[in-house]
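As a plain string of letters, each chain reads:
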Amino acid sequence: MDKKRESTTLSLHRCRFVDYAPSAITALAYPPLPLPSVKGKKKTTAGKQPLRFGLLAVGHANGNIDICEWQGAEREAQCSQAWVVRKTLPGPYPSKVDSLAYVIRYPDDVGPDDVPVQSDLRLFSSGGGSELIEWDLERGCIRRTINSQGGSIWSIAANPSSSSLALGCEDGTVRILSIANDTLTHSRRFDRVKCRMLSIAWGPPMPRQPQAKKTQDSSTDSSSDEEEEEEEEEEWTDSWLITGGSDSSLRKWDIASGRVIERMGVDKVRGERTLVWTVGVLGDGTIISGDSLGMVKFWDSRTCTQLYSFKAHGADVLCMVISPEGRAIYTAGVDQKTVQFSLVKTSSTESGPSASRWTQTCSRRMHSHDVRALAIWPPYTPLPAPYKRQFAIDIAPILASGGLDMSVVLTPAALPTSTVVKITNPLNTSTESTFEDSYHRKLAFVARGIVRVARSARLVSCAREAGLSVWRIHKKTEGEAGARQMQTESTLDPLETEPFAGGWEKVLEMDLNVNTNITTHEISDDGKWLVVSDLYESKLFSLSTDDTGEIYLKRIKDFSSIIQAHIPASSSHSASTGASAFQFTPDSTKLVMSTALSSYVLIINLTGDKPRVMRRFDQHRMQDSIVHDRVVKGRALALDNAGTELVNGHAHVNGDVSMDVDMAEPDADSSAPAENQNEESESSEDEEDDEDVSSSAAIVSVDRIAVSTDGQWLATSNNRARTHIFNLDLISHHCVLPTFPRAAQALAFDPMHPSVLLLAFPDNTIQIFDVETRQFPIWGKELAASLPKRFTYAHDPVLGVAFDPAVSSSSGTDDQGKTRYVLFWGATWMFKVSLDTTVRSGAKKRRREMAPVPGADEDRQWRDYKMITQYRPMLCCDFLTKDELVVVERPLVDVLLTLPPAYFKHKYGAS
């Protein structure tokens, strides 16, 4: 371009003092697939790949469970962002997660080719104690618990038909729980043996055989009625299961009698007991075990004799997973290695089991510490050969692993034998897709919202499981400022300078009395308010600073009861005052909070003697089809220059089909200023609204909140991709945006145009909406449709958005001619892009006139942008002032220093 690019000078605070401690990964789980029909009436399509990828559950050593959602479109087999955390289930404090298991709530309601979604699933976990926990995936809390009656739970496993759950217990028993039809009850107890049940797996289910009488008379009406009755019965029955114990043995159990059928012994060293940490079963009945000697063994389930034995690991084998087709086994453990075993064909003329054998084919080291958990998508189901499920051979399975180094590693895991066709790598990391040759990628261990910045007070806060720390960033003198300035020309490349001395100090350390791990916190811009919440209670603190910079803390003791009074007793979980998100207004006079379990949005006034709730909004609780007591259906409305068209009650935005959209005017009572409104009348109105919708209230989590810089507009977004706009001047509901394919990952208002809302999504796409005109501006649509691929294909999802407060004038003299930039950031990158709010009618023509630069990205000629990747991993990125940027990093090296030494074996002299 002829015009010289603008240069920006700003100071960068590269903060590495924040001692955020991510938690180790101890369990992984993908949902099971439904069993095929025995009668063949619901045959699965051979080679059909499920259109969706299942939810990934990640269990942590601190008790939290992350629910990760695949970000690709429904029929897309590739997605650069892969699985992104969409919800965190806060664990009780203190607690841990040792085992996870998904089951299908009503298997008959899920088609044979369908992938269960969140509403179809139940999630169970155990954490070293005697309680088994079932989680409410919608609300994000514990749904119910049941005692094992056998001491600590060492292992859990669901049967293939999702009707029973087996618990391996401390007292040497296997307990079977019935989970059919959404129940959770004790069913039976197996015989007791003198060891701990460290691992457990179900054998292949057996198809229930139809009675001879019914097959002979199948042509008659009476027999057809009997067949219909039979369909309602269980089509599959379980015959046996296998356990690994702490006494150097595996045991095969008969499910009908609850007795041991056979015992298999593993190797011992110097007479010490060997621990069988993991077991698995194939569809042909082959049993696989991994033990504390590093041995992986294959067993014949009929004779219970050893088939193969491999010294695959240098230390304990802690976890195992079977490939979707059952032709590969993956094991991992203390020595950080992930080992692949493949079923290799040994004879081209013979057929059957004798024509192939299991061989150790490959090993990779993708972790720096112990690997505690493995899972694979699509999941494996041990089915007899005639009912074996077929998967698409041109899409690689994805192996997930996790352990003490806190990052989930995703690896394409296609087999070399399937390379006769071009294999798609779903992770988009490389063209190679086999386990041996493909590139793996790590999901960032950064948790969103852990770090907050108070701009005016220059404070940085960081939450942990049950506490909070606050640091102050000092202002720089004239000489120091020059040493830390960062000169950029449409970039954010730092100069190689040393940090100035005394740049920060810790000013506050808090330990809180909580029931669960902290879910969210926020610090006001002026540093005078701090609010912290677990799942069940919110705590508000007033902060004051003396002349020496010392911070004093005072808790507002009746804050929880003030909130409690405005949550209707009729609503579910009304006793909880916990929050899923907070946001202070820029002037720090109001606090916006969304309640964690009841999905209300509360506007709280902080001026006066004590906080008071000004208004309670329940728009997020309404079902999608209900808005202000009327069903939005069958109306057509065209919005000029908005890019949104309503057809039969559905909105289409930039080609994406969305849900119902309400562009209604504000509430009738909102014309008067908020100060003149009667608080009692508002409460009565809210109660009436609750009566209207409480019977069919939607269960959502309102986890994203943004307030415009002038304090007028409030945007709240929930996990069902519904975004509502409120007017804080009038304390009223303004409008609801169209529902996009994904829930928003970050919301931000433009400081220069406070009515312009930017929504960033976890697949690194954006939308820009003018809340005042209720339109999608043309320049915003152009920006959203033309973002560079380097940004949209970035492997880590966007975590936040920061607008440049500084506004520099370009060739234009009016405000519309002013340009600046917006800073998107993820865990491993920052993306700076020019934000031009002018409507350019001749944009396409000018693009054609621009001379292409040889070798340059084609996107460069559209807008100036820069991708910065040297700061990683980032917990937060925000502006302190117009020329100061704070980047909070937590380097992996610093985190690993807090861990015990990794397993290492000297190999001096080894060839």
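How each quantity is defined
Residues numbered from 1 in each chain as written. Predicted model: local features only at pLDDT ≥ 70, side-chain atom pairs only at ≥ 80, totals over all residues. Heavy atoms only, no water. Helix = DSSP H or I, 4+ residues; strand = E, 2+ residues; numbered from the N terminus. Buried < 20%, exposed > 50% of the residue type's maximum accessible area, 1.4 Å probe, protein only. Contact = heavy atoms within 4.5 Å. Areas by Shrake-Rupley, 256 points an atom, 1.4 Å probe, with all protein chains shown as cover. Pairing = 2+ DSSP bridges. Axes fitted to C-alpha atoms, helices over the stretch in contact; angles between N-to-C directions. Polar contact = N/O pair within 3.5 Å; in protein donor to acceptor, adjacent residues only side chain to side chain. Core = buried A, V, L, I, M, F, W, Y, C linked by side-chain atoms within 4.5 Å. Salt bridge = Lys/Arg side-chain N within 4 Å of Asp/Glu carboxyl O. Patch = residues over 30% accessible without salt bridge, like charges linked within 9 Å, V, L, I, M, F, W, Y side chains within 5 Å. Phe/Tyr/Trp six-rings, centres within 6.5 Å; stacked < 30°, edge-to-face > 60°. pLDDT = per-residue confidence, 0-100.

## Some details on the overall build of the protein
Thinking step 1. The helix and strand tally for the protein stands at nine helices and 63 strands.
Thinking step 2. Relative to its full complement of 911 residues, the protein shows a buried share of 57%.
Thinking step 3. Nonlocal contacts in the protein, meaning residues at least 24 apart in sequence, comprise 60% of its contacts between residues at least 6 apart.
Thinking step 4. When the accessible surface of the protein is summed, it comes to about 38,600 Å², and 47% of that surface belongs to carbon and sulfur atoms.

## Describing the sheet that holds strand S53 (residues 723-727)
Thinking step 1. Taking strand neighbours across the sheet as the criterion, the four strands line up as S51-S52-S53-S54 in an open arrangement whose pairing is antiparallel. Sheet topology places strand S51 (702-707) and strand S54 (732-736) at the edges, where each strand pairs with a single neighbour. The sheet shows a mean angle of 25° between the axes of neighbouring strands, taken without regard to direction.
Thinking step 2. Pairing analysis gives five bridges linking strand S52 (residues 713-718) to S53, with the strands arranged antiparallel. By the bridge assignment, Ala-715 is partnered in S53 with Ile-725.

## Regarding the side chain of Ser-576
Thinking step 1. Relative to the assigned elements, Ser-576 resides in the loop between helix H4 (559-564) and strand S41 (579-584).
Thinking step 2. A relative accessible area of 5% places Ser-576 in the buried class.
Thinking step 3. Polar contacts involving the side chain of Ser-576 include one to the main-chain carbonyl oxygen of Leu-535, which spans 3.0 Å.
Thinking step 4. Polar contacts involving the side chain of Ser-576 include one to the main-chain amide nitrogen of Gly-578, which spans 3.2 Å.

## Notes on the sheet that holds strand S28 (residues 371-377)
Thinking step 1. One open sheet holds the four strands; their spatial order is S28-S29-S30-S31, and the pairing between them is antiparallel. Pairing within the sheet leaves two strands with one partner each, and these edge strands are S28 and strand S31 (441-442).
Thinking step 2. In the sheet, strand S29 (residues 398-403) pairs with strand S30 (residues 409-412) via four bridges, with the strands oriented antiparallel. Pairing of Ser-401 across the sheet is with Val-409, part of S30.

## Considerations on the nonpolar core
Thinking step 1. Among the nonpolar cores identified, the biggest contains 37 residues, and Val-18, Val-451, Met-830, Leu-885, Val-887 and Val-888 are the most heavily contacted of them.
Thinking step 2. At the level of elements, strand S1 (7-15), strand S32 (451-454), strand S33 (459-463), strand S34 (467-473), strand S59 (819-825), strand S62 (874-881) and strand S63 (884-889) are the ones that each hand at least two residues to this core.
Thinking step 3. Broken down by element, the residue count for this core peaks at six residues, all from S62.

## A look at the pattern of salt bridges
Thinking step 1. All chains considered together, the criterion is met by 30 salt bridges.
Thinking step 2. Between Arg-144 and Glu-134 there is a salt bridge whose closest N-O contact spans 2.8 Å. Highlighted residues: Arg-144 in strand S9 (residues 141-147) and Glu-134 in strand S8 (residues 131-136), separated in sequence by ten residues.
Thinking step 3. Since its relative accessible area comes to 26%, Arg-144 is described here as partly exposed.
Thinking step 4. Residue Asp-191 pairs with Arg-259 through a salt bridge whose shortest N-O separation is 4.0 Å. With Asp-191 in the loop between strand S13 (185-189) and strand S14 (197-202) and Arg-259 in strand S19 (residues 259-265), the pair connects residues that are 68 residues apart, well separated along the chain.
Thinking step 5. Classification of Asp-191 as partly exposed rests on a relative accessible area of 37%.
Thinking step 6. Each of Arg-105, Arg-122, Glu-134, Arg-143, Arg-144 and Asp-182 takes part in salt bridges that share partners, so that together they form one network.

## Points about a nonpolar patch on the surface
Thinking step 1. A surface patch of nonpolar side chains, amounting to about 280 Å² of accessible area, comprises Ile-393, Val-420 and Val-421.
Thinking step 2. For Val-421, a relative accessible area of 31% puts it in the partly exposed group.

## Focus on the environment of Val-736
Thinking step 1. Here Val-736 shows up in strand S54.
Thinking step 2. Separated by 14 residues in sequence, Val-736 and Arg-722 place their C-alpha atoms 7.4 Å apart.

## Focus on the pairing of strand S39 (residues 538-545)
Thinking step 1. Sheet analysis places strand S38 (residues 529-533) next to S39, joined by five bridges and oriented antiparallel. Within S39, the position partnered with Val-531 by the bridge is Leu-540.
Thinking step 2. Connecting S38 to the antiparallel partner S39 that follows it, the hairpin turn spans four residues.
Thinking step 3. In this structure, S39 lies alongside strand S40 (residues 551-555), joined through five bridges in antiparallel fashion. Across the sheet, the residue bridging to Ser-542 is Lys-554, located in S40.

## Examining unusual backbone geometry
Thinking step 1. In the segment running from Trp-377 into Pro-378, the intervening peptide bond is cis, with an omega of -5°.
Thinking step 2. Arg-872 connects to Pro-873 through a cis peptide bond whose omega is -15°.
Thinking step 3. Within the secondary structure, Pro-873 is located in the loop between strand S61 (865-868) and S62.
Thinking step 4. Despite not being glycine, Ala-82 has its phi angle at roughly 55°, a positive value.
Thinking step 5. Tracing the backbone shows Ala-82 in the loop between strand S4 (65-70) and strand S5 (83-89).
Thinking step 6. In this structure Ala-82 comes out as buried when scored by relative accessible area, which is 0%.
Thinking step 7. Even without being glycine, Ser-248 reaches a positive phi, approximately 65°.
Thinking step 8. Along the chain, Ser-248 falls in the loop between strand S17 (240-245) and strand S18 (249-254).
Thinking step 9. You can call Ser-248 buried: its relative accessible area is 2%.

## Brief notes about the packing of aromatic side chains
Thinking step 1. Taken as a whole and assessed by the stated rule, the structure comprises 25 aromatic pairs.
Thinking step 2. Ring geometry for Phe-298 versus Phe-341: centroids 6.0 Å apart, planes at 70°, classification edge-to-face. Placement of the pair is Phe-298 in strand S22 (residues 295-300) and Phe-341 in strand S26 (residues 337-345), with a sequence separation of 43 residues.
Thinking step 3. Residue class for Phe-298 comes out buried when judged on its relative accessible area of 0%.
Thinking step 4. The buried category is assigned to Phe-341, whose relative accessible area is 0%.
Thinking step 5. Both rings, one in Phe-791 and one in Phe-831, keep their centres 4.5 Å apart while their planes meet at 10°; by these two values the pair is stacked. Here the residue Phe-791 occupies a position in helix H7 (residues 789-792), and Phe-831 occupies one in strand S60 (residues 830-836), the gap between them amounting to 40 residues. Phe-831 shares its class with Phe-791; the two are buried.
Thinking step 6. Through pairs of rings, three or more aromatic residues link up here, namely Tyr-30, Phe-53, Trp-70, Trp-83 and Trp-377.

## A look at the confidence of the model for the protein
Thinking step 1. A residue-level look at the protein finds 78% of positions with pLDDT of 70 or above and a mean pLDDT of 83.
Thinking step 2. For the stretch residues 493-501, pLDDT sits under 50, and the model shows 19 contacts to residues farther than four places along the chain or on other chains.

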